[in-house]
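Observations on chain architecture
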Amino acid sequence: MGQIMNDILDYLKDNSFIDRESSLNSSDSLTQNGIMDSIGLLELMDHICEKYSIEIPEDMLTPENFDSLQGINDLIVKLTK
Amino acid sequence: MRIDAYIAEYARKTPPQIALEEGKKSISYRCLDEDINTIASSLMDFGHCRFAILAESGIQYIKMLMAVYRSDNIAIPLPIEMPKFSLERILDTAHINNIIATETQYSRFGEDFFERFGTVLVFSNDTSVETRRKRIATETNNPELRLVLYTSGTTGTPKGVMLSDRNLVSNAESIINVLGIKSNDKAALVISPHHAFGNSIIDSHLMAGGSIGIGTMNFMESTFSLIESGVSIFYGVPSTYRILLRYPERFRVAFGNVRTAASAGGGMDLATVKNMRDLCSNIEILPMYGQTEATARLAYLPPEDVDEFVDTIGRPIPGVMLEVFGDDNRSVEPNITGELVARGENILLGYLDDAITTEKKIIDGWMHTGDLAQKLPNGYFRLLGRKDDLIKIGDHRVNPREVEKLIENNNDVSRVFVVPVSHELLGTAISLMVIPTAGTEIDTLFSFCRKNLPGYLYPTEILFIDNLPLTENGKISNRSIMEEYQNVKSSM
């Protein structure tokens, strides 16, 4: 896992039901597995915008971009280019 | 009549009409009715038994729920957003021998979680049932019991609210009436279907022969696309609207063809109403009030009165009587504060396996809501906080919500919250948490309190905060205020 995914995973471990020890695959669904709900996702979004100094357009708020570590990683890479 | 019988009726009358949509999937009344029959056939040899349902929101959940109804069993939907230990706490007290789960939830919760059940049925896509274990045990239940909904548990242990077919049908009828729901209406269900509000959307729209688009609030683009797919009635809790309003331009487009925006699960504020109106001038905004114990709804505010009376819950829905009772359980005059009580066919049978709490909730046929209220001269009702939230200071009973209103209405502040804190002499005193505006001055607030409040309400301190102290359900209560206070203090 790259730096961005590790950062997000650390954030999730501090801010969600996910345990410190449990592992999460980069393609696992955050919502289907009960790791994030809608408010949690909003907070995660704000966190990402601040940390990476990006703005996320509404039309990118889709499951493809936001429901997995891989999706979020790709989104950040795309927007910080 | 049972709710699922209406689906069977529409399967005969309007078979190709779409009943449910979810993403790219959709299902007609005819197919929905057939699938319910197929699933129900695996439940037929149980005789009025309790079935926990563990399923994410979606078409599959509604099929499972209706199949439990059709097989004459009792549905107990588990609120899957709760952490595992909370669900286990519910299951420890609820004596549920049987469970049906989706494959997704079965693998998420793991085999160990299901060991407590005698019967475990797992549904994969559509209707195929895998019986992991089947042990039918005889149960004695209230003969009218059909559905048990768990309250969100704002106050400690979640309680199982027992509802009958009559409760479900009568409340859905009232809601159809108030909202004017027709078979050509399409509802958006983006809140949890496992609680009273979401469940009432399912019941009322299927009873009207209309359709329901099922989604979530997780991914805004998907939510807005759902709304744009021809939704005529949108339902949300106030925070649902606040979240959607973070994207005003998208909101304007998506809600352009929505007829009614209905809300429940907390008071709608004027700022949110104004923001919605500014973007969509034609939209009908319809705030509603209710409780799980009343199946869902008790009152509604007619859209034409939203601007003037947004701080009230309006009037009772058809079939419901509301009154304000004093401590002697008799009606008080208008403008006098008492407890809001209700009666009607939607009032719960009781709490599951808890006769003592039931006796306190329903007294002489009146359900005690626990909400403090006043009846206005025009027949509307204004809520004044929870009865449990009354604070005892010395020998005075103080309603913190009234104190907050008084300070807010007479000072340059955004919001005020009264926090009960311990006091050496009085036992309890109050502190204030204030969301300031640019012009808020602490000294002015202190002197206002000195001049306008009795001495025992003079705040021990005034703290500034940034955000509303909400519970996870988006409500404000003494508990959420006290939690925020602890957070603020510990970070000071």
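Everything quoted here is computed from the prediction, not taken from an experiment.

Moving on to the overall build of chain A. The helix and strand inventory of chain A stands at four helices and zero strands. In summary, chain A has a C-alpha radius of gyration of 12 Å against a globular reference of 12 Å for 81 residues, a match within 12%. Looking at chain A as a whole, 20% of its 81 residues qualify as buried. If you take every contact in chain A between residues at least 6 apart in sequence, the share linking residues at least 24 apart comes to 58%.

The interface of chain A with chain B comprises 15 residues on the first partner and 16 residues on the second. Contributions of two or more residues to the side of chain A that touches chain B are made by α2 (38-51) and α3 (63-66) of chain A.

Residue and element names in this part refer to chain B. Domain parsing of chain B yields domain 1 (1-388) and domain 2 (390-490). Taking only C-alpha atoms, the centre of domain 1 and the centre of domain 2 are 34 Å apart. On the side of domain 2, 10 residues touch domain 1, which itself brings 11 residues to the contact. Of all the elements in the fold, those that place two or more residues in the side of domain 1 that touches domain 2 are α9 (238-244) and β22 (381-386). When the residues that make up the side of domain 1 that touches domain 2 are grouped by side-chain class, the tally is four nonpolar, five polar and two charged.

A few words on the nonpolar core. In terms of nonpolar packing, the biggest core is built from 136 residues, with F51, I53, M64 and L189 of chain B touching the most fellow members. In terms of nonpolar packing, the next biggest core, distinct from the first, is built from 19 residues, V398, I407, V418 and V434 of chain B among them.

Turning our attention to the packing of helix α1 (residues 3-13) of chain B against helix α7 (residues 196-207) of chain B. Residues and elements named next belong to chain B. At their nearest, the axes of α1 and α7 sit 9 Å apart, and the two run at 35° to each other. Crossing of α1 over α7 shows left-handed handedness. Facing I3, Y6 and I7 of α1, the residues of α7 in contact are D203, L206 and M207. Classifying every residue of the contact of α1 with α7 gives five nonpolar, no polar and one charged.

What counts as what
- Residues numbered from 1 in each chain as written.
- Chains lettered and ligands numbered in written order.
- Predicted model: local features only at pLDDT ≥ 70, side-chain atom pairs only at ≥ 80, totals over all residues.
- Helix = DSSP H or I, 4+ residues; strand = E, 2+ residues; numbered from the N terminus.
- Rg over C-alpha atoms; globule rule 2.2 N^0.38 Å.
- Buried ≥ 20, exposed ≤ 12 C-beta atoms within 10 Å, placed from the backbone.
- Contact = placed C-beta atoms within 7 Å.
- Domains from an automatic or database assignment.
- Nonpolar A, V, L, I, M, F, W, Y, C, P; charged D, E, K, R; others polar.
- Core = buried A, V, L, I, M, F, W, Y, C linked by C-beta atoms within 7 Å.
- Axes fitted to C-alpha atoms, helices over the stretch in contact; angles between N-to-C directions.
- Left-handed = near helix turned anticlockwise from the far one by under 90°.

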